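Examining the three-dimensional arrangement
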Amino acid sequence: MARVNCRHSLHRAAHKMDFRGLTRRALLTCLFGLGLGLPIFDRGTNAARKKDPRRSRLTPGDQLVFAFGERAGQAITPQDISFGERPEFAYPKDPATDTVRSRFRLNQVLLIRLKPEELSEKTRERSLDGLVCYSAVCTHTGCDVSEWIGPTQQLVCPCHASFFDPKNQGRVVGGPAPRPLATLPLEVRDGLLTVKGAFIGKVGFKKKK
């Protein structure tokens, strides 16, 4: 009977837009039945998304895996990156859980192998036999630095034509980008490319206020 009264009262209130005829208990009970719990469900869903390990930041000790293509998710060895070839997109993977941290965009990096003697001193110090790793997120507006000019060995963001020099700490050599690409230190563990430490430099772009 209470359920019938609740439905009748709610129906009447919805049409008249007047809740004065309902007691506080009846009003709360009816509203909860109509979806008062939905915001709680939404908050729980958002919390679950935030706890998704794929959205976590890279951590020293993570292995690098191919981001795209037929070998997506497979671990990368130094031998997989050839001299002078197009950069390879990669994501970090937690070796303890096999979780690829691919849902946090700032984790995406580029792997390039260049001739060690052509690298600047600091770049060479951070390289592995000419292999360097940079953030793949442009420092201008956050697009992917997805283009490569082989003859000049420059990284290019196609959105607004920002050019970066991987031979010299990812510095800007053309276009509107305000900062170089952040460098990611690497090492080799068990034959696999592994994150050695945090990014050197700021990753991504600065949002306008």
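As a reminder, the structure under discussion sits directly above these lines.
Please read all numbers here as calculations on a predicted model, not as lab measurements.

We now examine the overall build of the protein. Helix and strand counts for the protein stand at four helices and eleven strands. Partitioning the contacts of the protein with sequence separation of at least 6, the portion at a separation of at least 24 is 53%. Element-wise, carbon and sulfur atoms account for 54% of the exposed surface of the protein, whose accessible area totals about 12,600 Å².

Our focus in this paragraph is the side chain of Asp-94. In this fold, Asp-94 is placed in strand β2 (residues 88-94). With relative accessibility at 18%, the residue Asp-94 sits in the buried group. Within polar-contact distance, the side chain of Asp-94 engages the side chain of Thr-97 at 3.3 Å. When residues no more than four places from it in sequence are discounted, the contact partners of Asp-94 are Asp-62, Thr-99 and Arg-101.

A few words on the state of the cysteines. Applying the stated criterion across every chain yields a total of one disulfide. The partner cysteine of Cys-143 in its disulfide is Cys-159, sulfur to sulfur 2.2 Å. Between Cys-143 and Cys-159 the sulfur-sulfur dihedral comes to about -100°; the bridge is accordingly left-handed. Taken as a pair, Cys-143 in the loop between β5 (131-135) and β6 (147-149) and Cys-159 in the loop between β7 (154-157) and β8 (162-165) lie far apart in primary sequence, 16 residues in all. There is no disulfide at Cys-138, and the cysteine sulfur nearest it, in Cys-157, is 3.8 Å away.

We now examine the pairing of strand β10 (residues 186-189). Direction of pairing for β10 relative to strand β11 (residues 192-195): antiparallel, over a ladder of four bridges. Residue pairing for β11: Arg-189 is matched across the bridge by Leu-192. Where β10 folds back onto β11 in an antiparallel hairpin, the turn is made up of two residues, including Asp-190, whose phi is positive at roughly 55°.

Moving on to the pattern of salt bridges. One pass over the structure, following the stated rule, counts nine salt bridges. The salt bridge partner of Asp-94 is Arg-101, with a shortest N-O separation of 3.7 Å. Per residue, the accessibility class of Asp-94 equals that of Arg-101, and both read buried. Within the structure, one salt-bridge network assembled from shared partners comprises Asp-62, Asp-94 and Arg-101.

So, about the sheet that holds β8. Backbone-to-backbone hydrogen bonds join strands into a sheet, with any given pair of strands oriented parallel or antiparallel. If you trace the four strands from one edge of the open sheet to the other, you get β6-β7-β8-β9, paired in antiparallel fashion. Of all the strands in the sheet, just β6 and β9 (171-174) have a single pairing partner and so form its edges. The sheet shows a mean angle of 35° between the axes of neighbouring strands, taken without regard to direction. Here β6 runs beside β7; their pairing, made up of three bridges, is antiparallel. By the bridge assignment, Glu-147 is partnered in β7 with Val-156.

With the rule as written, the count across this model stands at one cavity of 30 Å³ or more. Around the largest cavity, the lining residues are Arg-126, Ser-127, Leu-128, Leu-131, Val-132, Cys-133, Thr-183, Leu-184 and Leu-186. Tallying contributions element by element places β5 first for the lining of the largest cavity, with three residues. Residue composition of the lining of the largest cavity, by class: six nonpolar, two polar and one charged.

Rules used throughout
Residues numbered from 1 in each chain as written. Predicted model: local features only at pLDDT ≥ 70, side-chain atom pairs only at ≥ 80, totals over all residues. Heavy atoms only, no water. Helix = DSSP H or I, 4+ residues; strand = E, 2+ residues; numbered from the N terminus. Contact = heavy atoms within 4.5 Å. Areas by Shrake-Rupley, 256 points an atom, 1.4 Å probe, with all protein chains shown as cover. Buried < 20%, exposed > 50% of the residue type's maximum accessible area, 1.4 Å probe, protein only. Polar contact = N/O pair within 3.5 Å; in protein donor to acceptor, adjacent residues only side chain to side chain. Disulfide = S-S within 2.5 Å. Pairing = 2+ DSSP bridges. Salt bridge = Lys/Arg side-chain N within 4 Å of Asp/Glu carboxyl O. Axes fitted to C-alpha atoms, helices over the stretch in contact; angles between N-to-C directions. 1 Å grid on protein atoms, 1.4 Å probe; cavity = no way out; pocket = protein on both sides within 12 Å on 5 of 7 lines; lining within 4 Å. Points joined across faces, edges and corners; volume = space filled by probe spheres on them. Nonpolar A, V, L, I, M, F, W, Y, C, P; charged D, E, K, R; others polar.

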